[in-house]
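# A look at the structure
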Amino acid sequence: MATKKKDVRTSEEEFIDSVKTSLDEAEKLLRDAAEASGDKATELRESAMLSLRRTREALYDTQDAVLERGRRAARVTDDYVHDNPWQAIGMAGLAGVLIGALISRR
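Description of the structure in this document. On a predicted model such as this, the values are computed, not experimentally measured, just so you know.

### A closer look at the overall build of the chain
- Helices and strands together make up the secondary structure of the chain, namely three helices and zero strands.
- Here the C-alpha atoms of the chain give a radius of gyration of 24 Å, more than 25% beyond the 13 Å that 2.2 N^0.38 yields for 106 residues.
- Counting over 106 residues, the chain shows a buried share of 10%.
- Summing over all exposed atoms, the chain offers an accessible surface of approximately 9000 Å²; the carbon and sulfur share of this is 58%.
- Of the charged side chains in the chain, 18 are positive and 20 negative; the average position of the first set lies 6 Å away from that of the second.

Quick look at the structure:
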């Protein structure tokens, strides 16, 4: 379980670093394009747009993966509740008691 969390955190950090790097690269290319003229400026703008497009695709892919993981978790939870209704009711009751106790302490 702990290794899975580390893997997820590592993946998150790598993804964030990748997006930051890609955005930094696009920003630099756009700055260079603003200073350049003619064909060089056009080439730099196209490179920047390509970099931004790749970043957007990576974000969409990540969004799809997160949504799919959420759907799987919901499916597994639903299956568990249907297979073990009394345990689910007990856990929900216990959670309600704990939340009630925490709220009443304030």
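Having put the structure on the table, let's press on.
### Observations regarding the environment of His82
- As for its placement among the helices and strands, His82 is situated in helix H2 (residues 39-83).
- In this structure the C-alpha to C-alpha distance between His82 and Ile16, which are 66 residues apart in sequence, comes to 38 Å.
- Of note is the side chain of His82, whose polar atom sits 2.8 Å from the backbone oxygen of Asp78.

### Describing the pattern of salt bridges
- Tallying each qualifying case throughout the model produces four salt bridges.
- Arg71 is the salt-bridge partner of Glu68, the closest N and O atoms lying 3.7 Å from each other. With Glu68 and Arg71 both in helix H2 and three residues apart, the pair spans about one turn of that helix.
- When its relative accessible area of 32% is taken as the criterion, Glu68 is described as partly exposed.
- One salt bridge connects Glu68 with Arg75, and the closest N-O pair in it is separated by 3.9 Å.
- In this structure Arg75 comes out as partly exposed when scored by relative accessible area, which is 46%.

### Here's the deal with the side chain of Ser51
- Inspection of the secondary structure puts Ser51 in helix H2.
- At a separation of 3.1 Å, a polar atom in the side chain of Ser51 contacts the main-chain carbonyl oxygen of Ser22.
- Setting aside chain neighbours within four positions, we find Ser51 in contact with Ser22, Glu25 and Ala26.

### Focus on a negative patch on the surface
- A cluster of acidic side chains, namely Glu12, Glu13, Glu14 and Asp17, defines a negative patch on the protein surface.
- Checked against the element boundaries, Glu13 lands in helix H1 (residues 2-35).

### Some words on H2
- Taking 1.5 Å per residue as the helical rise, H2 with its 45 residues ought to reach 66 Å, and the 66 Å between its terminal C-alpha atoms agrees with that figure.
- Taken together, the buried positions of H2 are occupied by Ala41, Leu44, Ala48, Ser51 and Thr55.

### Considering the packing of H2 against helix H3 (residues 85-105)
- At a closest axis distance of 5 Å, the pairing of H2 and H3 adopts a crossing angle of 110°. Comparing their axes, H3 and H2 come out roughly perpendicular. Side by side, H2 and H3 meet where Tyr80, Val81, His82 and Asp83 of the first sit next to Pro85, Gln87, Ala88 and Met91 of the second.
- Residue composition of the contact of H2 with H3, grouped by class: five nonpolar, two polar and one charged.

What counts and what doesn't
Residues numbered from 1 in each chain as written. Predicted model: local features only at pLDDT ≥ 70, side-chain atom pairs only at ≥ 80, totals over all residues. Heavy atoms only, no water. Helix = DSSP H or I, 4+ residues; strand = E, 2+ residues; numbered from the N terminus. Rg over C-alpha atoms; globule rule 2.2 N^0.38 Å. Buried < 20%, exposed > 50% of the residue type's maximum accessible area, 1.4 Å probe, protein only. Areas by Shrake-Rupley, 256 points an atom, 1.4 Å probe, with all protein chains shown as cover. Lys, Arg positive; Asp, Glu negative; His and termini not counted. Charge placed at Lys NZ, Arg CZ, Asp CG, Glu CD. Polar contact = N/O pair within 3.5 Å; in protein donor to acceptor, adjacent residues only side chain to side chain. Salt bridge = Lys/Arg side-chain N within 4 Å of Asp/Glu carboxyl O. Contact = heavy atoms within 4.5 Å. Patch = residues over 30% accessible without salt bridge, like charges linked within 9 Å, V, L, I, M, F, W, Y side chains within 5 Å. Expected span 1.5 Å × (residues − 1). Axes fitted to C-alpha atoms, helices over the stretch in contact; angles between N-to-C directions. Parallel < 35°, antiparallel > 145°, perpendicular 65-115°, else oblique. Nonpolar A, V, L, I, M, F, W, Y, C, P; charged D, E, K, R; others polar.

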